[in-house]
4 protein chains.
Amino acid sequence: MFYRIDTKSPTPLYEQLIFQIKELYIQGILEPGEKLPSIRELSSVILVNPNTVSKAYQELERQGIIYTERGRGTFLTDNTALLEKAPERMEIKNQLRELVLRSRRCGIAKSELLHWVETASEEVQS
Amino acid sequence: MFYRIDTKSPTPLYEQLIFQIKELYIQGILEPGEKLPSIRELSSVILVNPNTVSKAYQELERQGIIYTERGRGTFLTDNTALLEKAPERMEIKNQLRELVLRSRRCGIAKSELLHWVETASEEVQS
Amino acid sequence: MFYRIDTKSPTPLYEQLIFQIKELYIQGILEPGEKLPSIRELSSVILVNPNTVSKAYQELERQGIIYTERGRGTFLTDNTALLEKAPERMEIKNQLRELVLRSRRCGIAKSELLHWVETASEEVQS
Amino acid sequence: MFYRIDTKSPTPLYEQLIFQIKELYIQGILEPGEKLPSIRELSSVILVNPNTVSKAYQELERQGIIYTERGRGTFLTDNTALLEKAPERMEIKNQLRELVLRSRRCGIAKSELLHWVETASEEVQS
DNA sequence: GTGGTCTAGACCACT
DNA sequence: GTGGTCTAGACCACT
């Protein structure tokens, strides 16, 4: 199975799930229209509380990545916007990794990088 | 005064203080050997509990940025290693800001960036 | 239960906890992967404020002895480096006790021993 | 001058003074009967509050190393017991330094050594 | 329930 | 006055 979460990571489990499903979708492993596993099924597979899976699905629905049909299940939308941006996402992700590497070499702590992302995000927002 | 914290930010107050003092030090506004305001003084200036300032000072001491003299106060060390890396720090910070901007344009959420920094950090560590 | 602290000792409570958990781990009484009691539980067992236990846990995490899973609890890492050094630690501890005994016989105060350890540590560091 | 104190050391200034005067006495640099500098004089030389010097002198007097004559000054006693134990003191000090070195090599923190000295002292006392 | 952060306030040793 | 430790208790996100 390709769903996997790391309970030791500082990233909340439900966010890990969100990122993973998005990633699988962008990489074409999951396709538009495809049915996702039910909350109970997925929670038993990845050994996580059903509430955690539910929270992830709700957020994905809010982002327009999935939709639910009462009684039938949860399905991936045909989100072309997201798919089109896949290459740029990849690039940003790689450049971020590059920066993390350089940071390590000059002794910048992870907490500092995270804080810089926070502050830059706030500036951009306003 | 140049110390300021933002109670609305998701970054913990004590971390904001750590980052700020480091930044002031790197920019040369605070100089090696200089005495920092006492815990009580600073806490009354920035309207924060003394324990919060204390936590920040203790972490800075752990990082070798400051040292304390019992009954006398807290002073900045002569941390040449940190000062020498100032330009590269600046550059990394700027490139990070650039990435945040680009991310915004293609709809990547802040939480996603934070998670990528987390995962990249873990990979680098091992 | 094996957790116990001495409020009359000059060693801070949180340090006593750190030393004790490390000791239990090294002696194999606590094992890698094992879950430590929750902060609230332990604090109620040893009659200490939760913040004090928290401080000890955070320092142990900094030392790589334990890790925390958000919302789940605190667990012992598989710190082989520490376990391998157990015999030498034991030996050093014993020889230290021997020196303390001899010191007592020729009227050397505890404070003097502590100071010698301090100064020797500083010399070694540089 | 041979009196020197280190304000950055975690050892209290008045204890540093005590240790230093004792050391100078044991090494024969200060001799029995010799007059020590007055509190005001010494405090101005080593740039320390007079109260700190006073506290050191009081403790040395309590230990029978010095005595004061009202209006004349402070003098070193003829403490043969202390002088006779000088070689063993030296040896213990050296062995302690050796242990500190070994500790460093197997990652034992200074705080741990200090704690072991504390606990061993308590055991011996009882 | 779990740990993380923060406040208010006390007490202590050292200067 | 200075930092260090500790308590009591609140609030938060995550599970």
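Source: prediction; values computed, not measured.

**Here's the deal with the relation of the copies chain A and chain B**
Of the transformation superimposing chain A on chain B, the axial component is 0.1 Å and the angular component is 180°, with the fit at an RMSD of 0.3 Å. In the structure described here, the two chain copies are related by an operation that fits a two-fold rotation axis. In terms of proximity to the rotation axis, the leading residue of chain A is A:L114, whose C-alpha is 3.1 Å off the axis. A share of 100% of interface residues in chain A that are also interface residues in chain B marks the association as one of identical surfaces.

**With respect to the protein's contact with DNA strand E**
Lining the immediate environment of DNA strand E, one finds 26 residues, of which B:L13, B:N49, B:N51, B:T52 and D:L13 sit closest. Sugar and phosphate atoms form 69% of the subset of DNA strand E atoms that lie within 4 Å of the protein. Interatomic distance of 2.7 Å between a side-chain N/O atom of B:N51 and a base nitrogen of DNA strand E. Mapped by element, the contributors of at least two residues to the surface near DNA strand E are α1 (13-26) and α3 (50-62) of chain B, α2 (39-45), α3 (50-62) and β2 (73-76) of chain C together with α1 (13-26) and α3 (50-62) of chain D. Residues of the surface near DNA strand E, tallied by class, amount to 8 nonpolar, 12 polar and 6 charged.

**Let's talk about the protein's contact with DNA strand F**
Neighbouring DNA strand F are 26 residues; A:L13, C:L13, C:N49, C:N51 and C:T52 lie closest to it. Within 4 Å of the protein, the atoms of DNA strand F are drawn from sugar and phosphate moieties in a proportion of 69%. Side-chain polar atom of B:T74 to a phosphate oxygen of DNA strand F: 3.3 Å apart, as the coordinates give it. A distance of 2.9 Å separates a base nitrogen of DNA strand F from a polar side-chain atom of C:N49.

**Structural notes on the interface of chain D and chain B**
Many authors give the size of an interface as the accessible area that is lost as the parts come together. Facing the 6 residues of chain D at the interface are 5 residues of chain B. Summing both sides of the interface, chain D and chain B together bury roughly 420 Å²; the carbon and sulfur share of this comes to 48%. The largest contributions to the chain D side of the interface with chain B come from D:T7, D:K8 and D:P10, which together make up 74% of the buried area. In this structure, the connection of chain D to chain B is made through 1 residue pair in polar contact (both at pLDDT 80 or more). Taken together, the residues of the side of chain D that touches chain B break down into 4 nonpolar, 1 polar and 1 charged.

**Looking at the UniProt feature "domain: HTH gntR-type" (unreviewed entry) in chain A**
Per the UniProt entry, the sites bearing "domain: HTH gntR-type" (unreviewed entry) are residues 11-79 of chain A in this numbering. A distance of 25 Å separates the end C-alpha atoms of residues 11-79 of chain A, which is 49% helix and 14% strand.

**Digging into empty space enclosed by the protein**
One pass over the full model with this rule turns up 1 cavity of 30 Å³ or more. Of the voids in this model, the largest cavity is the one considered here, and its volume is about 60 Å³. Surrounding the largest cavity, C:K93, C:L96, C:R97, D:W116, D:T119, D:A120 and D:E123 form its lining. Residue assignment for the lining of the largest cavity shows that the elements contributing at least two residues are α5 (86-105) of chain C together with α6 (110-125) of chain D. Here the lining of the largest cavity gets 4 residues from one element, more than from any other, and that element is α6(D). Here the lining of the largest cavity is composed, by residue class, of 3 nonpolar, 1 polar and 3 charged.

Thresholds applied
Residues numbered from 1 in each chain as written. Chains lettered and ligands numbered in written order. Predicted model: local features only at pLDDT ≥ 70, side-chain atom pairs only at ≥ 80, totals over all residues. Heavy atoms only, no water. Least-squares fit on C-alpha atoms with pLDDT ≥ 70 in both. Contact = heavy atoms within 4.5 Å. Near = heavy atom within 4 Å. Polar contact = N/O pair within 3.5 Å; in protein donor to acceptor, adjacent residues only side chain to side chain. Helix = DSSP H or I, 4+ residues; strand = E, 2+ residues; numbered from the N terminus. Nonpolar A, V, L, I, M, F, W, Y, C, P; charged D, E, K, R; others polar. Buried area = accessible area lost by both parts, 1.4 Å probe. UniProt positions renumbered as here; feature names shortened; annotations may be inferred. 1 Å grid on protein atoms, 1.4 Å probe; cavity = no way out; pocket = protein on both sides within 12 Å on 5 of 7 lines; lining within 4 Å. Points joined across faces, edges and corners; volume = space filled by probe spheres on them.

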